[in-house]
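In case you want the letters, here they are:
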Number of protein chains: 2
Amino acid sequence: MPQDVLLSFSRDEYADRIERVRVSMEDAGIDVMIATDPSNMAWLTGYDGWSFYVHQAVIVFASGNPIWWGRNMDAAGAMRTVWMDEDRIVGYPDNLVQSPDRHPMQHLAELLIDMGFGKSTIGVEMENYYFSAAAHAALRATMEQARLYDATNLVNWCRIVKSETEIGFIRRAARISDGLHAHVLEMIEPGVRKCDLVAEIYRTAIRGAEDEDGPYGGDYPAIVPMLPTGVDASAPHLTWDDRQLRGGEGTFFELSGCYRRYHAPLSRTVYLGTPPDIWYRAEEAVLAGIEAALDQSRPGNTCHDVWYAFTRALNAHGFTKESRMGYSIGLSYPPDWGERTMSFRKDDMTVLQAGMTYHLMPAIWLDDWGLEISETVLVTDTGSQTLCETPRKLFVKP
Amino acid sequence: MPQDVLLSFSRDEYADRIERVRVSMEDAGIDVMIATDPSNMAWLTGYDGWSFYVHQAVIVFASGNPIWWGRNMDAAGAMRTVWMDEDRIVGYPDNLVQSPDRHPMQHLAELLIDMGFGKSTIGVEMENYYFSAAAHAALRATMEQARLYDATNLVNWCRIVKSETEIGFIRRAARISDGLHAHVLEMIEPGVRKCDLVAEIYRTAIRGAEDEDGPYGGDYPAIVPMLPTGVDASAPHLTWDDRQLRGGEGTFFELSGCYRRYHAPLSRTVYLGTPPDIWYRAEEAVLAGIEAALDQSRPGNTCHDVWYAFTRALNAHGFTKESRMGYSIGLSYPPDWGERTMSFRKDDMTVLQAGMTYHLMPAIWLDDWGLEISETVLVTDTGSQTLCETPRKLFVKP
């Protein structure tokens, strides 16, 4: 490892992670695991760069250190971020990038064959943005005698219980999230352009925040700020434009601070003017749902249990929700801050453990408006804790 | 189309785009094209939302309007952004999202079978972040009698020559890019935290700029700001941290303004203090390379011609470059602002035409430092034009 690599976690913590993955690999009968998800790559090695738009991976073996594999020009970035020695960093030449003739995965396949894994069982992440259908086909065609095994989310599941250091990072992200909402509440009023609000949100997010150890900077969140207004709030994933906000409309803000790639998403809704009564009824329903969910969020209960308690409370207040009301969060790269493991919905029987973190996201999207009030939750030894401190309510600015 | 959809382009322009794609489909023998690249989806229909982290697509047929297909909750976003009528917007239920049992592509396959395309030739984008290996497998398994044809970049190639409106959008992005670099030059000095520079870059990018038609807001760029310093600048894709800048180091800034998803990337390098002589020699080499490239950028010449002229000039000044020195740009979503069509490198025989736009990116990354000076270039009827106005030089702040 080069002298001045600043690792985010101890070498022991990385060793423990590799060990967890090896146990899962052994359970699944996998000899070699190819992790292409940038979040998995970062969690396993410390690698952190915006290079996932080209093919790259971390390869985990039953013994020996993992290998970082990627484009030659990014191997320099690996040398500056990963805990392994230089001999575990392998680059491929630039003429493989977006080449019509040869796929980078052929290079990786040949490397594995040379290492003696040509007839092994190879775990791949079939359902991942960064493992394309063409990558799979190229690996398949070059490693004819290997068995490719769908190990989607195998590494993600190893990430579900967070260490103390990881929780510390999420707490730092949560302070940033609180700062974002405080700033929005201060700025928002009729006549403000949506893009100017977003500009301030980004500025605040990247400047970071401060805790007892001093100030710290922020990282880019895995999802851009979402803040649809009025009828657009029925469409949760539209991004901003440069129109001015008007009175008599509600806007929800789904935002997350990010610290060293760890997230703490938080949503709040702001109404400019006097909201129709139904908004207050929706607020009441959502708050009751959140209380019921938090009450059931404790080690031993399942995601289904939490969903059930939430749904009963929501329904008792006359509202319903089709989509899941929460999901695991932590380390992430674009385009999604969800960890893609547990979902809080019917029949998800994942058992909660202390150290899990999730986004409790009981949004209600109706035909021509939407209300979002959400929390980042840490499961503790005895129950749960919300990590942000922004008041949990519908904000009304007359 | 709902009353208040604000389309970015005329209905005629969308019709022309569909027609271009149909010609390419016919040439390739494709009956139905499934476009999963969010840039292609936006270009074909106007759809614009941060929803590409779940499966979605635009389906183009030999006749009739295209279909927008995606998650139910995002169908509401499609209703508010696309030019087609509501009956061409199809949603799938939320229980297909990240479900271990059933893949959203099964839903799409069943839709196509119901429409009578069960035995047709279906174009898919095998090499795309948003068409996973699992998506391909699910489509394959459900449409057993169909022929899946690799139509990677078929739609991208239809996008390569930009319309007047598109060029106008890129010009607007270019004004934002100029503003970013002006702001960086103003702020940068020893002691400034890297994250505070990025915070200002984001703020400026999203607030937007102004032209003869008035002020306009900015959109999120498809790549985050890159600004590695010192030794890190040998690793082009590392992102920022919260350390302070120091004298005696160079930092390059690879930034792009974005307007309605159109980009105008621009890189400049700033040295704090007095750079070693080799920096000036590198500057001279890169500027000579850019001049040579611009001189060859005209209709009728190939990417190879431009690359060759550039390389000769660079080599004559004692420098070499392995990676491509430019690529097509325009409409993009994360994680890449490249259009994935022409690359300016050896043997790329794409013939330049008026209306093409590219990022002329002659970066030099050496063992322990790097220099980037780049331009966004428009190919005109008679030659080429750079779209930004930031002085083309190595900036030195003593």
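What you are looking at is a predicted structure, and each value in this text was computed from that prediction instead of being measured.

Let us look at the UniProt feature "domain: Creatinase N-terminal" (unreviewed entry) in chain A. The positions UniProt marks with the feature "domain: Creatinase N-terminal" (unreviewed entry) are residues 17–161 of chain A. Between the first and last C-alpha atoms of residues 17–161 of chain A the distance is 11 Å; the span itself is 37% helix and 18% strand.

We now examine the domain arrangement of chain A. Interface size is commonly expressed as the accessible surface area that is lost when the partners come together. Residue and element names in this part refer to chain A. When its domains are assigned, chain A resolves into domain 1 (11–158) and domain 2 (164–397). Using only C-alpha atoms to locate each centre, domain 1 and domain 2 end up separated by 33 Å. Taken together, the contacts link 16 residues of domain 1 with 16 residues of domain 2. Contact with domain 2 buries area across many residues of domain 1, yet Ser39, Tyr129 and Trp157 alone supply 34% of it, more than any other trio. Joining domain 1 to domain 2, the criterion identifies one salt bridge. Note that Glu166 is salt-bridged to Arg17, the shortest N-O span being 3.7 Å. At the junction of domain 1 and domain 2, the tally comes to six residue pairs in polar contact (both at pLDDT 80 or more). Elements with a contribution of two residues or more to the side of domain 1 that touches domain 2: helix H1 (11–28), helix H2 (38–45) and helix H6 (154–158).

Turning to the confidence of the model for chain A, a few remarks are in order. Scored by pLDDT, chain A has a mean of 95; 99% of the residues are at 70 or more. For this predicted complex, the interface confidence score (ipTM) comes to 0.95, while the overall pTM stands at 0.96.

The operation relating chain A to chain B is a screw motion whose rotation component is 180 degrees, with 0.0 Å of axial translation and a residual RMSD of 0.0 Å. On this basis, the relationship between the two copies can be described by a two-fold rotation axis. In terms of proximity to the rotation axis, the leading residue of chain A is Ala133 of chain A, whose C-alpha is 1.9 Å off the axis.

Looking now at the interface of chain A and chain B. Facing the 74 residues of chain A at the interface are 74 residues of chain B. Taking both sides of the interface into account, the surface hidden between chain A and chain B amounts to around 6,000 Å²; carbon and sulfur atoms contribute 56%. Looking at the side of chain A facing chain B, the largest losses of area belong to Trp50, Tyr53 and His237 of chain A, adding up to 12% of the total buried there. Applying the counting rule to chain A against chain B returns four salt bridges. One salt bridge in this structure joins Arg207 of chain A and Asp196 of chain B, with 4.0 Å as the shortest N-O distance.

Bringing the packing of helix H8 (residues 194–207) of chain A against helix H8 (residues 194–207) of chain B into the picture now. In contact at an axis separation of 8 Å, H8 of chain A and H8 of chain B are set at 170 degrees when each is read in the N-to-C sense. Taken as axis vectors, H8 of chain A and H8 of chain B run roughly antiparallel relative to one another. Contacts between H8 of chain A and H8 of chain B pair Cys195, Asp196, Val198, Ala199, Glu200, Tyr202, Arg203, Ile206 and Arg207 of chain A from the former with Cys195, Asp196, Val198, Ala199, Glu200, Tyr202, Arg203, Ile206 and Arg207 of chain B from the latter. Residue composition of the contact of H8 of chain A with H8 of chain B, by class: ten nonpolar, no polar and eight charged.

What counts, and where the lines are drawn
Residues numbered from 1 in each chain as written. Chains lettered and ligands numbered in written order. Predicted model: local features only at pLDDT ≥ 70, side-chain atom pairs only at ≥ 80, totals over all residues. Heavy atoms only, no water. UniProt positions renumbered as here; feature names shortened; annotations may be inferred. Helix = DSSP H or I, 4+ residues; strand = E, 2+ residues; numbered from the N terminus. Domains from an automatic or database assignment. Contact = heavy atoms within 4.5 Å. Buried area = accessible area lost by both parts, 1.4 Å probe. Salt bridge = Lys/Arg side-chain N within 4 Å of Asp/Glu carboxyl O. Polar contact = N/O pair within 3.5 Å; in protein donor to acceptor, adjacent residues only side chain to side chain. pLDDT = per-residue confidence, 0-100. Least-squares fit on C-alpha atoms with pLDDT ≥ 70 in both. Axes fitted to C-alpha atoms, helices over the stretch in contact; angles between N-to-C directions. Parallel < 35°, antiparallel > 145°, perpendicular 65-115°, else oblique. Nonpolar A, V, L, I, M, F, W, Y, C, P; charged D, E, K, R; others polar.

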